[in-house]
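Here's the letter readout for the chains.
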Amino acid sequence: MILLDSRRPPVAVRAATGLWIGAVALGAVETVIVVGAGQAGENPLFGVLFRCVVYAAAVLTALRMRAGRRWARIALAVVLGIVGTLSLVIEPISWLADGNSLSAATADADLTWWAITAARTLHVAAVWAAVPLMFTGSANQYFRKHR
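A few points on the structure. (Residues numbered from 1 in each chain as written. Predicted model: local features only at pLDDT ≥ 70, side-chain atom pairs only at ≥ 80, totals over all residues. Heavy atoms only, no water.)

With respect to the nonpolar core
Then comes step 1: Ranked by internal contacts, the top residues of the largest apolar core, which has 20 residues, are Val-13, Trp-20, Met-65, Leu-76, Met-134 and Phe-143.
Then comes step 2: Of all the secondary-structure elements, those providing two or more residues to this core are helix H1 (11-36), helix H2 (45-66), helix H3 (70-97), helix H5 (111-133) and helix H6 (137-145).
Then comes step 3: Top element by residues in this core is H1. It accounts for 5 residues.
Then comes step 4: Once residues lying within four places of it in the same chain are set aside, the contact partners of Met-134 are Ala-16, Trp-20, Met-65, Arg-73, Leu-76, Ala-77, Ala-139, Asn-140 and Phe-143. (Core = buried A, V, L, I, M, F, W, Y, C linked by side-chain atoms within 4.5 Å. Buried < 20%, exposed > 50% of the residue type's maximum accessible area, 1.4 Å probe, protein only. Helix = DSSP H or I, 4+ residues; strand = E, 2+ residues; numbered from the N terminus. Contact = heavy atoms within 4.5 Å.)

What follows is the structure, given as structure tokens:
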């Protein structure tokens, strides 16, 4: 049995928190790049404001998760781990399903395309790393103690 200091979250929970905050930071970077490159449409204000609200909620929820709140762990896993991931991957998957070529896209890619792709890829990787960490044995024990 693993003994935990009940005042301090286990490494898995602390790492998951850092990954969630990193995912938010990467999402913000992607937003800045998209808006700065003029790729956010005619009126990007709504999209930027929406992302700001989502990112603020994600950070606050990650901090509540770190404090042992089970609802926050579930919210992060379901809302951002599943729905959020789908929102990030549906566009590229649809683009590929429409018959576009990844090799042609990368051959014609500029720095903006690479920066957006890198930010989004790392963002998704951070989420996919954070979710399983929140459900490790030490994390489960930590959340049981904070009922």
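Now that the structure has been shown, the text picks up again.
Points about H1
Then comes step 1: Over its 26 residues, H1 extends 37 Å from the first C-alpha to the last, a length consistent with the 38 Å expected when each residue adds 1.5 Å.
Then comes step 2: All of the buried residues along H1 are Ala-12, Val-13, Ala-16, Thr-17, Trp-20, Ala-23, Val-24, Gly-27, Glu-30, Thr-31 and Val-34.
Then comes step 3: Here the buried face of H1 lies against H2, H3, H5 and H6. (Expected span 1.5 Å × (residues − 1).)

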